[in-house]
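Observations on the model geometry
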Amino acid sequence: MSSQGATEAVVGRFPHFRALGDETRRQLAEALSRVDLPSDGVLFRRGAAVDGCYLLEAGALKVSIEDHAGRESWLAILGAGDMVGELGVVDHQPRSATVSALTNCRLWRLPVRDFDRLRQRDADLYFCVVQLICERLRITNLQVCNQRLGLEGRLAQTMLKLARAFGQPLDDGRVLVRYKIAQSRLAEIAGVSRENVNRQFGAWREAGLYEMISRYYCLRAIPQWERLAGDYIPTNTG
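Analysis parameters
- Residues numbered from 1 in each chain as written.
- Predicted model: local features only at pLDDT ≥ 70, side-chain atom pairs only at ≥ 80, totals over all residues.
- Heavy atoms only, no water.
- Helix = DSSP H or I, 4+ residues; strand = E, 2+ residues; numbered from the N terminus.
- Expected span 1.5 Å × (residues − 1).
- Buried < 20%, exposed > 50% of the residue type's maximum accessible area, 1.4 Å probe, protein only.
- Salt bridge = Lys/Arg side-chain N within 4 Å of Asp/Glu carboxyl O.
- Phe/Tyr/Trp six-rings, centres within 6.5 Å; stacked < 30°, edge-to-face > 60°.
- Axes fitted to C-alpha atoms, helices over the stretch in contact; angles between N-to-C directions.
- Parallel < 35°, antiparallel > 145°, perpendicular 65-115°, else oblique.
- Contact = heavy atoms within 4.5 Å.
- Nonpolar A, V, L, I, M, F, W, Y, C, P; charged D, E, K, R; others polar.
- Pairing = 2+ DSSP bridges.
- Core = buried A, V, L, I, M, F, W, Y, C linked by side-chain atoms within 4.5 Å.

Side note on helix α6 (residues 151–166)
Working note: α-helix, 3.6 residues per turn, so residues spaced by three or four point in the same direction. The terminal C-alpha atoms of α6 lie 22 Å apart, and with 16 residues this matches the ideal 22 Å at 1.5 Å per residue to within 8%. Taken residue by residue, α6 has G153, R154, L155, A156, Q157, T158, M159, L160, L162, A163 and F166 as its buried positions.

Here we look at the pattern of salt bridges
Scanning the entire structure with this criterion turns up ten salt bridges. When the shortest N-O distance is used, the salt bridge between R26 and E30 registers 2.4 Å. One end of the pair is R26 and the other is E30, both in helix α2 (residues 22–31) and four residues apart, which spans about a single turn. One salt bridge connects D51 with R95, and the closest N-O pair in it is separated by 2.9 Å. On the criterion of sequence distance, the pair formed by D51 in the loop between β2 (42–44) and β3 (52–58) and R95 in the loop between α3 (86–91) and β7 (98–101) is long-range, its members being 44 residues apart. Several salt bridges share partner residues, and in doing so they unite D172, R174, E211 and R220 into one network.

Comments concerning the packing of aromatic side chains
What the rule picks out here adds up to eight aromatic pairs. Between Y126 and F127, the ring centres sit 6.1 Å apart and the planes meet at 65°, which makes this aromatic pair edge-to-face. Seen from their ring centres, F201 and Y217 are 5.2 Å apart, and the 45° between their planes marks the pair as tilted. Highlighted residues: F201 in helix α8 (residues 194–206) and Y217 in strand β12 (residues 216–219), separated in sequence by 16 residues. The pair formed by F201 and Y217 is uniform in burial state, with each residue classed as buried.

Side note on the packing of α6 against α8
Here α6 crosses α8 at 80°, and the two axes come no closer than 11 Å. The angle between α6 and α8 falls in the class roughly perpendicular. Where α6 abuts α8, its residues L151, E152, L155, A156 and M159 lie against N196, V197, Q200, F201 and W204. By residue class, the composition of the contact of α6 with α8 is seven nonpolar, two polar and one charged.

A few points about unusual backbone geometry
Even without a glycine there, the phi angle at H92 is positive, about 60°. Among the structural elements, H92 can be located in the loop between α3 and β7. Classification of H92 by relative accessible area gives partly exposed; the value is 44%.

Structural notes on the pairing of strand β4 (residues 61–66)
Two elements, β4 and strand β5 (residues 72–78), share six bridges in a ladder whose sense is antiparallel. Note on β5: the bridge partner recorded for S64 is W74. The antiparallel pairing of β4 with β5 creates a hairpin that spans five residues between the two strands, and G70 there sits at a positive phi of about 85°.

Describing the environment of M83
Note that M83 resides in strand β6 (residues 83–84). Dropping the residues within four chain positions of it, M83 is found in contact with F17, C53, Y54, L55, L78, V129, L132 and R136.

What to know about the environment of F115
Within the secondary structure, F115 sits in helix α4 (residues 112–121). Residue classification places F115 among the buried positions, given a relative accessible area of 1%. Apart from residues lying up to four places away in sequence, F115 is in contact with V89, L110, L125, Y126 and V129.

Section: the sheet that holds strand β10 (residues 175–177)
Spatially, the four strands line up as an open sheet ordered β9-β10-β12-β11, and their pairing is antiparallel. Unpaired on one side and paired on the other, β9 (167–169) and β11 (210–213) mark the two borders of the sheet. When strand polarity is set aside, the average angle formed by the axes of neighbouring strands in this sheet is 30°.

Examining the nonpolar core
Counting 31 residues, the largest nonpolar core has L162, F201, W204 and W225 as its most contacted members. Considering each element in turn, this core owes the most residues, seven residues, to α6. Leaving out residues up to four positions away in the same chain, F201 has contacts with L155, M159, Q183, L186, Y210 and Y217. Core analysis: the second largest hydrophobic core is formed by 23 residues, L32, V89, F115 and L132 among them.

The analysis is restricted to geometry; functional conclusions fall outside its scope.
Okay, here's the thing in structure tokens:
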């Protein structure tokens, strides 16, 4: 496959671009340039000038911010098929969060100047990105609500996010989360204390909801995990 054909195939794997016309997708593919980001590498930092948005073809990214004391809060975990940096190409304001790699990542950068050129040619591109921003705003609304709710639900949601990004389904219905993460880091993501996380995982182990395999979490009874997480999600966020 030619280089152009390869990038057009990449564009086709991103759900938000599937509604675009063939010519717009072709021009979009022409504007992309590949970016390889190693594990723990930083794609961009909060406050940085906008250079474009990125399509994540392989790997996993975390989106985070730090408070005045330097404590990190995870806002999202992104996987293959996600776009990152979309807000900046719409409003041209500095980055609102830091994005870094949880694993080795392969991305494709769309420069802001090319996004501006293409959206003027085809308004559907602009609407695709705005739709993505709206979806993420709704997720943010849920996260704000969840910070006021129980430890068990927030931790269950965190484990399901990790399972979606790194999960390897096993034949018996279990899901092996192929990402080694300390309970102290889980506490940071969920916004709770390390001690409370330890107690909750102890209760989950006794209930048979997970086991450890080579230092990886292996989740059992996924529908039960989904019920634990779903119990804390409001039915209407506007």
